[in-house]
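Residue-level structure breakdown
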Amino acid sequence: MADVSVQIVYLIIGRIIQLGVWLVLCLGITAVAAVLQWISKKKLIHWVIRIAVAATACIIIWMLVDDLIAIIKYGSMWFGIWLALCFAVTAVTVVVQLINKKLRKKKPIHWGIKLAGYAAFYAISLFAIMKLLGSYPGNWISIDKEYRELMYELYNQELNCYGYESIREGSNGEIVITFKENSHISDQNLETTMMQRDYIALKTATEEFMEVNENFQGKRINIAFRLSSGRTLCNIYNFDPRTGEMGTDAPCWFATGIIYANNCTELAEFYYDFFGISAGVRTMDDMQELANLRNLTCLQLYVGGAVREDKELEKQYLEELNTLLPDCEIHLNEY
């Protein structure tokens, strides 16, 4: 909700700037019309002002509709629909009141009653739409129907450090599902572990969904995880991102960009069935655990601290890794 509010503020600022440019243009045209009227003695300003007011009203309505569509599709669906409903009802009631006052000469409703009525409608409709549509992801309407069930399934996963952000079709035909960090865990080691639990929870949910939905068998999926700053942290693929190839009987899961797992035990525990891993680890003390990665065909491992400074130690670790994983392509501290 906070992200949507920020987006709305930026939209309003942008629209005010655009409308300001338009009003300056209208004032310029009106000034020219005033000069021409003074020279030619013809009544021009009256029509210019009418056209400018009508055009400005149309532009404002177009801006509102365009922004509401963007909020509904890509921001918060239920919040955007509520705003659109409030705008539509308010516009219709204002037009009806003007017709009653100007054309039908009816006594206008007291302004206090009007405000109370609007406030009651806004509050009741907000509660009803939030309850009815609040469980749906922000861009539920903007994607193809076949993706919605998978998105809804992942959106409702109970995660520790991430929240659903969006789903879209990638440039190579893959489905890109993005999750954004919303962690408030102060313990860095615990947060790292919890982040990886989220990776595997979403990967497992995707596998289970694909097993029972024939339409998704053979689909390439990229689950992307972003930091709150916007930088992509990790990607979990059910295909080889280097070649685009998938497994014949089961997905070949690959993970790239895992930033500093606490140790090798975590890699062996969380990614035991992965075919490719690109990760950083804080310590290599439990390196023997990597022998449990039976499916691994490619391992890119980054180790900080003393290992980067001591080339002999780095060489020793590389030799041990090749012994533990003889059929795996291994890169140590190579970017």
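What comes next concerns the included structure. In this text the structure is predicted, and so the values were computed from the model without any measurement.

1. A closer look at the packing of helix H5 (residues 145-155) against helix H6 (residues 188-212)
Remark: H5 packs on H6, axes separated minimally by 10 Å, with the N-to-C direction vectors making an angle of 145 degrees. The element H5 and its partner H6 pack so that their crossing is right-handed. Residues Glu149, Leu150, Glu153 and Leu154 of H5 touch H6, and the partners they reach there are Leu202, Ala205, Thr206 and Phe209. Residue composition of the contact of H5 with H6, grouped by class: five nonpolar, one polar and two charged.

2. Examining the nonpolar core
The biggest cluster of nonpolar side chains holds 55 residues, and the ones touching the most others in it are Phe179, Tyr271, Leu290 and Leu299. Ranked by residues supplied to this core, first place goes to H6 with seven residues. Beyond its immediate stretch of four places on either side in the chain, Leu290 contacts Cys264, Leu267, Leu299, Leu301, Leu321 and Leu325. Within the second largest apolar cluster, eight residues are counted, among which are Trp78, Trp82, Cys86 and Ile129.

3. Re the packing of aromatic side chains
In this structure the tally under the stated criterion is 15 aromatic pairs. Plain terms: the ring middles of Trp78 and Phe79 are 5.7 Å apart, the flat faces sit at 75 degrees to each other, and that makes the pair edge-to-face. For the pair Trp78 and Phe79, one class covers both residues: buried. Note on Tyr155 and Tyr164: the rings are 5.5 Å apart at their centroids and 85 degrees apart in plane angle, and the pair reads as edge-to-face. Here the aromatic cluster, defined as three or more aromatic residues joined through ring pairs, consists of Tyr155, Tyr162, Tyr164, Phe179, Tyr199 and Phe225. A cation sits over an aromatic face here: Arg50 above Trp47, 5.4 Å from the ring centre. Across the ring face of Phe239, the terminal group of Arg220 is positioned such that the distance to the ring centre comes to 5.5 Å.

4. Remarks on the pairing of strand E6 (residues 276-281)
E6 sits mainly inside the fold: six of its six residues count as buried. Side-chain alternation along E6 places Gly276, Ser278 and Gly280 on one buried face and Ile277, Ala279 and Val281 on a second face that is also buried. Taking the sense of rotation as the criterion, the β-α-β connection linking strand E5 (residues 254-261), helix H7 (residues 264-270) and E6 turns out right-handed.

5. Re unusual backbone geometry
Even without being a glycine, Tyr260 presents a positive backbone phi close to 50 degrees. Tracing the backbone through its elements, the reader meets Tyr260 in strand E5.

6. What about the side chain of Asp67?
Along the chain, the position of Asp67 falls in helix H2 (residues 45-75). By relative accessible area, which is 12% here, Asp67 ends up buried. Contacts of Asp67, omitting those with residues within four sequence positions, involve Leu11 and Arg15.

7. Overview of the pairing of strand E2 (residues 175-181)
Looking along a regular strand, one sees the side chains alternate between the two faces of the sheet. The element E2 is extensively covered by neighbouring structure, given that six of its seven residues are classed as buried. Sheet topology note: the strand E1 (residues 162-169)/E2 ladder contains seven bridges and is antiparallel. Its bridge partner lying in E2, Gly163 is registered against Lys180. Counting the residues in the hairpin turn of E1 and E2 gives five residues, including Gly173, whose phi is positive at 85 degrees. Pairing analysis gives six bridges linking E2 to strand E3 (residues 221-226), with the strands arranged parallel. Residue pairing for E3: Phe179 is matched across the bridge by Phe225. For the segment spanning E2, H6 and E3, crossover handedness is right-handed.

8. Some thoughts on the environment of Val281
Mapping Val281 onto the fold places it in strand E6. Once the C-alpha coordinates of Val281 and Trp82 are considered, the two residues, 199 residues apart in sequence, prove to be 47 Å apart. In this view, Val281 contacts Tyr260, Ala261, Asn263, Cys264, Leu267, Leu301, Tyr302, Val303 and Gly304; residues no more than four positions away in its chain are not counted.

Calculation notes
Residues numbered from 1 in each chain as written. Predicted model: local features only at pLDDT ≥ 70, side-chain atom pairs only at ≥ 80, totals over all residues. Heavy atoms only, no water. Axes fitted to C-alpha atoms, helices over the stretch in contact; angles between N-to-C directions. Helix = DSSP H or I, 4+ residues; strand = E, 2+ residues; numbered from the N terminus. Left-handed = near helix turned anticlockwise from the far one by under 90°. Contact = heavy atoms within 4.5 Å. Nonpolar A, V, L, I, M, F, W, Y, C, P; charged D, E, K, R; others polar. Core = buried A, V, L, I, M, F, W, Y, C linked by side-chain atoms within 4.5 Å. Buried < 20%, exposed > 50% of the residue type's maximum accessible area, 1.4 Å probe, protein only. Phe/Tyr/Trp six-rings, centres within 6.5 Å; stacked < 30°, edge-to-face > 60°. Lys NZ or Arg CZ within 6 Å of the ring centre and 35° of its normal. Right-handed = clockwise from strand over helix to strand, strands pointing away. Pairing = 2+ DSSP bridges.

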